[in-house]
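Analysis of the macromolecular model
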Amino acid sequence: MYLGKLLQTKANITPKTVLFYRMVPHYRRALYERLHEKIGLQVIAPDHDAGHEDGLSIVESAPWLQRHPFRASLLRHPSAPVGKVLRDLRPQMAIVEAGLNNPAMWALLGHRRRHGWPRILLWGHGWQMGRGFSTPGDWLSQYGRLAPFALADGYLAYTEEGAEYIRRHLPSLPTFAVGNSLDCKVDEARVATSIAATELATRPLTLIAVGRLTPDKRMPDLIKMLTVLRRQVPDARLILIGDGPDYARCQKLAAKLPENAVHMPGAVYGSKHLAGLYAQADIACYAGAVGLAVNEALAHGLPFLTLDDGHGKPPFHHPEIAFIRDGETGIRIPKNGTNGLAPMVQAIVSLQENRKHLSDIRRSARRFYLDHLTIDQMVERFAEAVIVIGSQP
């Protein structure tokens with residue numbers, strides 16, 4: 001592997017690296033721990049983590065984590081003490097979230113321009129996925145962000161789609177598709193048993209959705225979809241895991257269905273507990289915006305179904321929509337001007353009627369995860385980008 005040779009021949013050029021981020025959610029622990037071990041990464045985060053307000057489980061302390069007071073700013077993100085961190089740590093490389101509303105990005109790019117250090121790697125989606133390309137404001141936001149991005153030394157994209165967007169518009173900017181992964185610990189034997197149950201239809205067709213019950217995910221619509229689906233698949237059921245602002249609404253809709261139709265255990269933490277619930281499912285699905293739930297479902301060998309009318313049209317998905325590949329890891333179902341529930345029902349009924357095909361897609365989803373989305377692969381790509389940029393004259 002290129003990274004291995006680079007580490008052997010240029011071990012002395014691994015740059016001292018810091019990463020500025022506005023919060024440290026628990027799902028990033030494995031990534032940061034391993035990057036700390038591999039390249040000595042230090043993460044700079046606020047002493048009051050914004051993850052609390054977002055309902056996320058956060059990392060309070062770790063050897064790789066330095067917490068500092070972040071000031072309120074006129075922009076959406078708090079302002080990191082960039083100058084103090086650079087003076088105290090003297091890093092050769094800084095990684096920062098790419099975004100026009102991130103003061104740390106502007107401060108780091110300005111320092112690099114004035115003083116010649118540190119080298120800057122931006123980490124982001126590519127284009128702004130929270131809005132489209134329809135209005136003049138959209139276009140200004142999407143393309144206006146490219147000018148400051150061009151001042152960086154490199155760009156780390158969550159997906160190959162995001163990397164291609166940056167390469168197309170900024171061809172001279174070194175761009176790396178590092179992926180976006182979770183440390184999913186999965187029992188292969190349990191997955192195989194679950195896939196066999198899918199193929200042999202030894203249990204009712206079971207859907208699963210895992211995530212914060214926020215409006216962008218449209219979880220209440222998923223229960224409405226189940227209501228329609230049960231007219232054709234009477235014993236179909238849904239496992240809905242998570243809490244959040246839409247929990248009560250989902251609970252009210254679920255109460256209109258038979259008692260065993262919807263299982264809502266609330267938020268579930270810990271891979272062992274989640275694994276038992278994933279093992280009961282045949283298909284993962286959302287009616288709204290998808291994110292890292294896609295990775296976790298694929299790790300458990302579950303195809304992911306969601307509604308998608310393409311880039312720049314709602315629902316505005318997170319980068320992980322790129323991991324849903326029709327017929328290989330799931331189905332991206334066009335809404336075609338509707339609420340999308342009828343075509344989702346049709347897609348699920350079609351899979352239910354061909355359990356062999358469904359089980360094959362489950363195996364394919366698991367293979368895709370192992371080939372592309374493991375945390376070890378993300379660490380390798382991240383470290384390679386840091387070392388490649390650090391080795392440039």
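Throughout what follows, the structure given in this document is the object of discussion.

What counts and what doesn't
Residues numbered from 1 in each chain as written. Predicted model: local features only at pLDDT ≥ 70, side-chain atom pairs only at ≥ 80, totals over all residues. Heavy atoms only, no water. Salt bridge = Lys/Arg side-chain N within 4 Å of Asp/Glu carboxyl O. Helix = DSSP H or I, 4+ residues; strand = E, 2+ residues; numbered from the N terminus. Buried < 20%, exposed > 50% of the residue type's maximum accessible area, 1.4 Å probe, protein only. Polar contact = N/O pair within 3.5 Å; in protein donor to acceptor, adjacent residues only side chain to side chain. Contact = heavy atoms within 4.5 Å. Phe/Tyr/Trp six-rings, centres within 6.5 Å; stacked < 30°, edge-to-face > 60°. Arc of directions from axis to C-beta. 1 Å grid on protein atoms, 1.4 Å probe; cavity = no way out; pocket = protein on both sides within 12 Å on 5 of 7 lines; lining within 4 Å. Points joined across faces, edges and corners; volume = space filled by probe spheres on them. Nonpolar A, V, L, I, M, F, W, Y, C, P; charged D, E, K, R; others polar. Right-handed = clockwise from strand over helix to strand, strands pointing away. Pairing = 2+ DSSP bridges. Axes fitted to C-alpha atoms, helices over the stretch in contact; angles between N-to-C directions.

A word on the pattern of salt bridges
Opposite charge on two side chains permits them to pair, given that their charged atoms come into close proximity. As enumerated under the stated definition, the model contains 19 salt bridges in all. In this structure, Arg363 and Glu199 form a salt bridge, with 2.9 Å as the shortest nitrogen-oxygen distance. Taken as a pair, Arg363 in helix 14 (residues 355-372) and Glu199 in helix 8 (residues 188-200) lie far apart in primary sequence, 164 residues in all. Several salt bridges share partner residues, and in doing so they unite Arg34, Asp183, Lys185 and Asp376 into one network.

Remarks on the side chain of Thr206
Summarising the element assignment, Thr206 is placed in strand 8 (residues 206-210). According to the relative accessible area criterion, Thr206 is buried, its value standing at 1%. A polar contact is formed between the side chain of Thr206 and the backbone oxygen of Pro204, at a distance of 2.9 Å. Thr206 has contacts with Arg237, Ile239, Gln280, Ala281, Asp282 and Ile283, leaving out every residue within four places of it along the chain.

Concerning the packing of aromatic side chains
Using the criterion set out here, one finds 10 aromatic pairs in the structure. For the ring pair Phe133 and Tyr143, a centre distance of 6.1 Å and an interplane angle of 55° mean the geometry is tilted. Of the two residues, Phe133 is situated in the loop between strand 5 (119-124) and helix 5 (136-144) and Tyr143 in helix 5; the sequence distance between them amounts to 10 residues. Linked through ring pairs, Tyr21, Trp123, Tyr158 and Phe382 together constitute an aromatic cluster.

Some words on helix 5
Among the residues of helix 5, those classed as buried are Asp138, Ser141 and Gln142. Looking down the long axis of helix 5, one finds its buried residues gathered within 95° of arc, a one-sided arrangement. Facing away from the buried side of helix 5 by more than 90 degrees, the exposed set consists of Pro136 and Leu140.

Things to note about unusual backbone geometry
Geometrically, the link from Trp117 to Pro118 is a cis peptide bond, its omega value of -10° lying close to zero. Tracing the backbone through its elements, the reader meets Pro118 in the loop between helix 4 (103-115) and strand 5. If you check the backbone angles, Ala201 has positive phi at about 55° while not being a glycine. When you line up the elements, Ala201 lands in the loop between helix 8 and strand 8. Residue Ala201 is classed as partly exposed on the basis of its relative accessible area of 41%. Despite not being glycine, Arg218 has its phi angle at roughly 55°, a positive value. As for its placement among the helices and strands, Arg218 is situated in the loop between strand 8 and helix 9 (219-229).

Details of the layout of surface pockets
Roughly 230 Å³ of internal volume is contained in the second largest pocket. Within the residue set of the lining of the second largest pocket, elements represented by two or more residues are helix 7 (160-169) and helix 14. Broken down by class, the residue content of the lining of the second largest pocket amounts to seven nonpolar, three polar and four charged.

Quick notes on the pairing of strand 12 (residues 304-307)
The side-chain alternation of strand 12 yields two buried faces, one formed by Phe304 and Thr306 and the other by Leu305 and Leu307. With respect to chirality, the unit in which strand 11 (residues 283-285) leads through helix 12 (residues 293-299) into the neighbouring parallel strand 12 is right-handed.

Things to note about the sheet that holds strand 4 (residues 93-97)
Here seven strands make up an open sheet; going across it, the order is 3-2-1-4-5-6-7 and the pairing parallel. Of all strands in the sheet, those bounded by a partner on one side alone are strand 3 (65-68) and strand 7 (175-177). This sheet shows a mean twist of 25° between the axes of neighbouring strands, independent of strand direction. Where strand 5 and strand 6 (residues 154-157) come together, four bridges link them in parallel fashion. Paired with Leu121 across the bridge in strand 6 is Gly154. On the sheet, helix 15 (residues 375-391) packs against strand 1 (17-20), strand 4, strand 5, strand 6 and strand 7 and is oriented at approximately 150° with respect to strand 5.

Functional significance is not addressed by these values, which are geometric in nature.
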